[in-house]
Structures are given as C-alpha cells and as structure tokens.
Amino acid sequence: MLKTLKAFSLILGYPTSELQQALPEISAIIKSETIVPAEALQQWLANLARCELISWQEEYVAVFDNQVSLYLFEYVHGQSRERGQAMVDLSGYYQTHNFAIAGNELPDYLPLVLEFLSYQPAELVREFLADMLGIIGKIGQKLRAGNSDYALICESLEIFMGQTPQIAKPVIPIKSLAEIDKDWAEPPVTFGSAHNSCGSCQTQNC
C-alpha cells in the first residue's frame, strides 16, 4: 500500500478542520515513504496547517470550482457520450479489484483514483498511472500556470513515474500597441492656468 497516494487523495479533497489537523501526520507519511520529493510538499503543508481554514477553503473553491477540473476524462472526452462509457469501464475496473465507490462521486475524480491506487500493488499503480499521466500532467500545468501549489501533487506523480514535469509559466497579459502608446504618452504641456501659475514653480507672471 502506497500511503503517499492516500495522502494526496486527502489533500485534494475539500479542506476541513479535520484535514487541517491531520496535515502534520500526512506530511510525515509522505516524508517516510520517500517515493516522491518531499521538501516542497512539506513546506506547503506546513503553510496550510498554519493558515486560516476559511482562506484555504476559499482558495480551493477558486481553483477547483472555477479554474481546474479534477475529473480526468473531461480532458479526453469533454461531456460527450464517450466519457460516460469510459466511466462505466473504470467503475468495472474498480470492481474487479474489490474497490467500491462510496457516495455519488464519479469514478474519474482524481482524489478517488488516487485512493483506489493507494490500495494496489506498486506494479498496478505504475501501469495505471502510465495511462493517466498525460492528463495528470495537463492538470499540473494548469495549476502551475495559476500559481497554485496544488500543482506539487501532479508534479510529484510525474516524478514518481520517472517524468520531468513540464512547468507552465504564468500567463502575462500582453498589452496592445494603443495601450503601450498610452502608457508612454507624456501629458500635454499647459501654458498658464486660472491662477497664472506655471507648474511646480508656483510663481506668478513667469
């Protein structure tokens, strides 16, 4: 059992007070298994353990409700019928390995996938991740482009599989030529005013 994958599954879930209290133990598990680089992860988890829970929750909603989907098959099939069949197949795969989905969560939800893998032998984990790694990499790139430290999880999975994460740079808005001209334009020179002053000298009758 790879407990690090279970730890990743928990971290990707919605932040709760229970999860925040468990972060030191989660960090210790990741460090002890040494299957992924832990230094950056530990620093991030330490920061989460100290922050206000409401701030963490707001960040989570901003990232995963509005920017990045954790449903793997969306990146392959979108909302097409093919995604439905893929999820049926994945549910069947879970059943053949005696893994039952609790609640109403969809089978391609990344935290659920990682929880399933945490109970499997290393050979199966690597075989499964090899098929999903391209999608996980895309999620990591989107997270990193948005400056989200959640990207550390995707990048760690890529490193675990012997891949070098493709780090996406944050998107910097490009100004139009008109905007550049406006930024560099000098203010018009005004000779005289209602008070007969001339700019900063504040003298009269210049």
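The residue numbers shown here count from 1 along each chain, following its written sequence. It should be noted that, the model being predicted, local features are given only for residues of pLDDT at least 70 and side-chain atom pairs only at 80 or more, the latter also being counted only at that level, while totals for whole chains, interfaces and linings use all residues. Derived side-chain values reflect all non-hydrogen atoms in the structure, with water molecules and hydrogen atoms excluded from consideration.

Peer 1: Just to check I follow, could you spell out the packing of helix α8 (residues 122-145) against helix α9 (residues 151-160) for this structure?
Peer 2: Helix-helix packing is described using two parameters, namely the angle between the two axes and the distance between the axes. Between N-to-C directions, angles span 0 to 180 degrees; the directions come from axes that are lines fitted to C-alpha atoms, helices contributing only their stretch in contact. Helix and strand definitions here come from DSSP, where helices need a minimum of 4 consecutive H or I residues and strands a minimum of 2 consecutive E residues; each element is numbered from the N-terminal end. Packing of α8 against α9 brings their axes to within 8 Å, and their N-to-C directions diverge by 145°. The handedness of the crossing between α8 and α9 comes out as left-handed. Residues V125, R126, L129, L133, I136, G137, I139, G140, L143 and R144 of α8 form the contact with α9, whose own contacting residues are A151, L152, C154, E155, L157, E158 and F160. For the contact of α8 with α9, the per-class residue count stands at 11 nonpolar, two polar and four charged. Note on convention: the crossing is left-handed when the near helix lies turned anticlockwise from the far helix by less than a right angle, right-handed when the turn is clockwise. Residue contacts are defined here by distance: any two heavy atoms, one from each residue, within 4.5 Å place the two residues in contact. In this classification, Asp, Glu, Lys and Arg are treated as charged, Ala, Val, Leu, Ile, Met, Phe, Trp, Tyr, Cys and Pro as nonpolar, and every other residue, Gly included, as polar.

Peer 1: Looking at this structure, I do not really get the packing of aromatic side chains. What am I missing?
Peer 2: Describing an aromatic ring pair means giving the distance of the ring centres and the angle of the ring planes. Pairing of aromatic rings covers Phe, Tyr and the six-membered ring of Trp, with a centre-to-centre limit of 6.5 Å; geometry is then stacked below 30 degrees between planes, edge-to-face above 60, and tilted otherwise. For the structure on display, the rule yields 13 aromatic pairs. Where W44 meets Y150, the ring centres are 5.1 Å apart and the plane angle is 80°; that geometry is what we call edge-to-face. Remark: Y150 occurs in the loop between α8 and α9 and W44 occurs in helix α3 (residues 39-50); sequence separation between them is 106 residues. Grouped by ring-pair contacts, the aromatic residues Y93, Y94, F99, F116, Y119 and F128 constitute a single cluster. Should the NZ of a Lys or the CZ of an Arg lie within 6 Å of a ring centre and within 35 degrees of the ring normal, that charge is described as sitting over the ring. Between R126 and the ring centre of F160, over which it is positioned, the NZ or CZ distance is 4.3 Å.

Peer 1: Teacher, can you tell me more about the confidence of the model for the protein chain here?
Peer 2: Interpretation of the predicted coordinates at a detailed level should be avoided for regions scoring low in pLDDT. Looking at the protein chain, the pLDDT average stands at 83 and 79% of residues meet or exceed 70. A residue's pLDDT is the predictor's confidence in that residue, given on a scale from 0 to 100. Considering only residues more than four positions removed or in separate chains, one finds that residues 188-206, a stretch of pLDDT under 50, has nine contacts.

Peer 1: When you look at α3 in this model, what are you seeing that I'm missing?
Peer 2: An α-helix turns once per 3.6 residues; consequently, residues spaced three or four apart project the same way. Under the 1.5 Å per step criterion, the end-to-end length of α3 is 17 Å for 12 residues, consistent within 8% with the ideal 16 Å. Here's how the labels work: a residue is buried when its accessible area is under 20% of the maximum for its type, exposed when over 50%, partly exposed in between, all with a 1.4 Å probe on protein chains only. Considered for burial, the residues of α3 that qualify are L41, W44, L45 and L48. With its buried residues spanning 95° around the axis, α3 presents them on a single face. Among the exposed residues of α3, those pointing more than 90 degrees away from its buried face are E39 and R50. Contacts made by the buried residues of α3 are with α1 (3-11), α2 (17-33), α4 (53-64) and α9. Given a helix with a known number of residues, its expected span is that number minus one, times 1.5 Å. Summarising the geometry, the arc corresponds to the directions from the helix axis toward the C-beta atoms.

Peer 1: What's the story with the side chain of S9 in this structure? I'm lost.
Peer 2: Position of S9 among the secondary structure elements: in helix α1. When near neighbours in sequence (up to four residues on either side) are disregarded, S9 contacts P111, L114 and E115.

Peer 1: Would you mind going over unusual backbone geometry with me for this structure?
Peer 2: Residues other than glycine predominantly adopt negative phi, and peptide bonds predominantly adopt the trans conformation. Residues other than glycine seldom take positive phi values, yet N98 does so here, at roughly 60°. With respect to the helices and strands, the residue N98 is situated in the loop between α6 (81-96) and α7 (110-118). Phi at N147 is positive, roughly 60°, even though this residue is not glycine. By the secondary structure assignment, N147 is in the loop between α8 and α9.

Peer 1: Please explain the pattern of salt bridges as it appears in this structure.
Peer 2: Here, a salt bridge means any side-chain nitrogen of Lys or Arg that lies within 4 Å of a carboxyl oxygen of Asp or Glu. Throughout the structure, instances matching the rule amount to five salt bridges. Among the ionic pairs, E74 bridges to R83, the shortest N-O distance being 3.8 Å. With its nearest N and O atoms 3.0 Å apart, the salt bridge here joins R83 to D108. Of this pair, R83 sits in helix α6 while D108 is found in the loop between α6 and α7, placing the two residues 25 residues apart along the sequence.

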